[in-house]
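# Analysis of the macromolecular model
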Amino acid sequence: MLFEKICIITLLSLVSSEEPLQPNIVFIVADDLGWDDVSFHGSDEILTPNIDVLAYEGVILNQYYTDTEGTASRSALFTGKYAMRLGTQGISLSAAEDRGIPISEALLPSYLGKLGYSTHLVGKWNVGKSREHYLPTSRGFDSFYGFVGRSVDYYTYNLVENCNGSDFFGLNLFNNSDPVFDQTGHLTEILTDQALRIIRGHNVSVPLYLHISHAAPHVGGGLVNLQPPLDSIEANAHIAYSARRLYAGLVTSLDKSIGHIVSALAERDILDNTILIFVSDNGAASTGSSQNFGSNLPFRGTKGTPWDGAARAIALLWHSSLSPKIHDGLFHVTDWLPTLVNAAGGNISEQIDGINQWDTINHDEKSKRLDILITIDDLNGWAAFRQGDFKIIVGDVNQNFSVFYSKELKVLRTPIPSYEGMLLECDTNRIFREMLDLVMDVDLAFSKRKELIVTNIHENEMDVNLCVPTKAKGCLFNITADPSETNDLWNSLPELVRHMTLRLRILWMEMIPRRQPESDSRANPSNRNYIWYPWVENNEVILEPPKTPAFPLQVSVNELEYLVDLNMNTFKENLNQYIKNMSKSFIRSVTSLFSL
């Protein structure tokens, strides 16, 4: 009997001493999805029940910021560094441009691979394709199935780009480095099927990192813009604006994809130990060359601008151990790398801009992040920075991209389907209920939805004299009190303006400047059987970056006075510290003398 007890105690001690299982990580990225285009934010036009269930049962990052363009945002996610430190800021990479995340940078899949993870990328890359060493399987991913450029046709998987007046066109779908010729179907569905194959074939004794980067709802890359599956158009027949209806179809197909992924994780019995993340890479392209008819209301601006419509994005995460909540602390796209590496049992020793927020999310603590560089775009000549409640924008910003958009898109022609019914019947809710015994509290979900609706939009915004920054004067807003960026405080808070401007000036000088995008004629896929292969040798010399352009705000007398005062105060502090150190040294010498 005693021997049996000893054995039991020994076994229990062995079990208790085991390391906790590393969580699987499934990171899902939507492309150009607007703030107003998920129904958990209160939108009644596009219903996203699978996304919403993850949000209501998980952690909603209500003040999540990305960069304002896709390549910049993805670079920041994978490296934990601001894009301007990598030279990937500003407009996204074109298909014929020789540029990418510098190969000296370690990416998220590399960190996770060293911690024992199996790493896979499905979908969009767009952080370097001109050289082989820029490609996903050279940057830490064990496998890649997807497209390397910034867009792709949803049915032919081709990319067409105008390069120096000529159309370059070719296949833009790869399995690792091999072109895929025999694929048919809608792009969202084939990417989902590939993700399901990876999940179903995964060795569950090894932790999984699966990065699913959808094309949807970005416009297509074959000169045909909005290409949803036909059944998803029918599901959005209540939307009056026809282009908006097509856009909504892309979002509906994306939402269905998430339900299928949750189901596959449950089938493999790994859902309860999987961190599921869903984000948009930036705001919707409500206007401009890549217009997709998404809505960022009630935020100002559109993708590619310094306004919150471009940078404040949808983000949520779910794990069975996390308490459902709305997290209102600041969270930046660079924070994913240190946060997920920490959740996986590792640490980042390199100097990065990202902040580990795993404990913040896990224990509902106050956010460790106090400020965010929202964007620096040296080619367009603007920058935006947030500190606490306040946001500053400097530079010469186009008036046409600086007003509200999309209100006309919100018109309905027939009643919407039952939101509650769709929530309860969707795949994600069914799986949570049947497999994890998680029964959604509908009343609590509706209460959260009401809390998440951002108000304070000025109803007659076109009649208001909205602040638009110039090189002579910037704009300052209290984002917490004024999320629509309508009430300029630049002249009201001069001390704060000077302080935040100086912070931006310093960051501007730390930037690796960008060259003007240049198309390389050697990239033409017609040279390689009409396939978008790399065209530059790895060892070909990379041109040095240009000189840093001037900061896009004229120096005022008040700012110079502030800078002089600041430097004088710093000098006085250093002098006082020097005298104190000398005093301590003098006292030690005297003490030593008298001890003799």
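Calculation notes
- Residues numbered from 1 in each chain as written.
- Predicted model: local features only at pLDDT ≥ 70, side-chain atom pairs only at ≥ 80, totals over all residues.
- Heavy atoms only, no water.
- Helix = DSSP H or I, 4+ residues; strand = E, 2+ residues; numbered from the N terminus.
- Buried < 20%, exposed > 50% of the residue type's maximum accessible area, 1.4 Å probe, protein only.
- Contact = heavy atoms within 4.5 Å.
- Areas by Shrake-Rupley, 256 points an atom, 1.4 Å probe, with all protein chains shown as cover.
- pLDDT = per-residue confidence, 0-100.
- Polar contact = N/O pair within 3.5 Å; in protein donor to acceptor, adjacent residues only side chain to side chain.
- Disulfide = S-S within 2.5 Å.
- Pairing = 2+ DSSP bridges.
- Arc of directions from axis to C-beta.
- Axes fitted to C-alpha atoms, helices over the stretch in contact; angles between N-to-C directions.
- Parallel < 35°, antiparallel > 145°, perpendicular 65-115°, else oblique.
- Nonpolar A, V, L, I, M, F, W, Y, C, P; charged D, E, K, R; others polar.

## Comments concerning the overall build of the protein
Helix and strand content of the protein: 15 helices and 16 strands. A total of 596 residues make up the protein; the buried ones form 57% of that total. When contacts within the protein are restricted to residue pairs at least 6 apart in sequence, those whose partners lie at least 24 apart make up 75%. Accessible area for the protein stands at about 25400 Å²; split by element, carbon and sulfur atoms hold 53% of it.

## As for the confidence of the model for the protein
Keep in mind that low pLDDT regions are not for reading the predicted coordinates in detail. The predicted model of the protein has a mean per-residue pLDDT of 90, with 88% of residues at 70 or higher. This model gives residues 1-17 a pLDDT under 50, and the stretch forms zero contacts once residues within four places in sequence are excluded.

## Quick notes on the side chain of N126
Its location among the elements puts N126 in the loop between strand 3 (118-124) and strand 4 (143-147). On the accessibility criterion, N126 (2% relative accessible area) is buried. From its side chain, N126 meets the backbone nitrogen of R150 in a polar contact 3.3 Å long. Beyond its immediate sequence surroundings of up to four residues, N126 is in contact with T71, S92, L93, V148, G149 and R150.

## Regarding the state of the cysteines
Taken as a whole, this structure holds one disulfide when the rule is applied. Across the disulfide from C467 sits C475; the S-S distance is 2.0 Å. Note on the C467 and C475 pair: the S-S dihedral is about -90°, so by sign convention the disulfide is left-handed. Residue classification places C475 among the buried positions, given a relative accessible area of 0%.

## Here's the deal with the pairing of strand 2 (residues 59-65)
On a regular strand, one side chain projects to one face of the sheet and the next to the other, so that they alternate. Within strand 2, seven of the seven residues are buried, which leaves the element mostly enclosed by the surrounding structure. Pairing of strand 2 with strand 11 (residues 315-318), which is carried by two bridges, proceeds in the antiparallel orientation. What sits directly across from I60, in strand 11, is L316. The pairing of strand 2 with strand 12 (residues 325-332) spans six bridges and is classified as parallel. Residue pairing for strand 12: L61 is matched across the bridge by H327.

## Section: helix 12 (residues 427-436)
Taken residue by residue, helix 12 has T428, N429, I431 and F432 as its buried positions. Buried positions in helix 12, seen along its axis, are confined to an arc of 165° and lie on one side of it.

## Focus on the packing of helix 2 (residues 49-57) against helix 12
As a packed pair, helix 2 and helix 12 sit with axes 7 Å apart at the nearest point and diverge in direction by 45°. When the axis of helix 2 is compared with that of helix 12, the two are oblique. On the side of helix 2, the interface is formed by N50, V53, L54 and E57, while helix 12 contributes D427, T428, N429 and F432. Of the residues assigned to the contact of helix 2 with helix 12, the class counts are three nonpolar, three polar and two charged.

## Topic: the packing of helix 5 (residues 187-201) against helix 7 (residues 242-267)
The contact between helix 5 and helix 7 brings their axes to 10 Å, and the two run at 10°. With respect to helix 7, the element helix 5 is oriented roughly parallel. Mapping the contact onto sequence places T188, T192, L196, I199 and R200 in helix 5 and S253, L254, S257, H260, I261, A264, L265 and E267 in helix 7. Partitioned by chemical class, the residues of the contact of helix 5 with helix 7 number six nonpolar, five polar and two charged.

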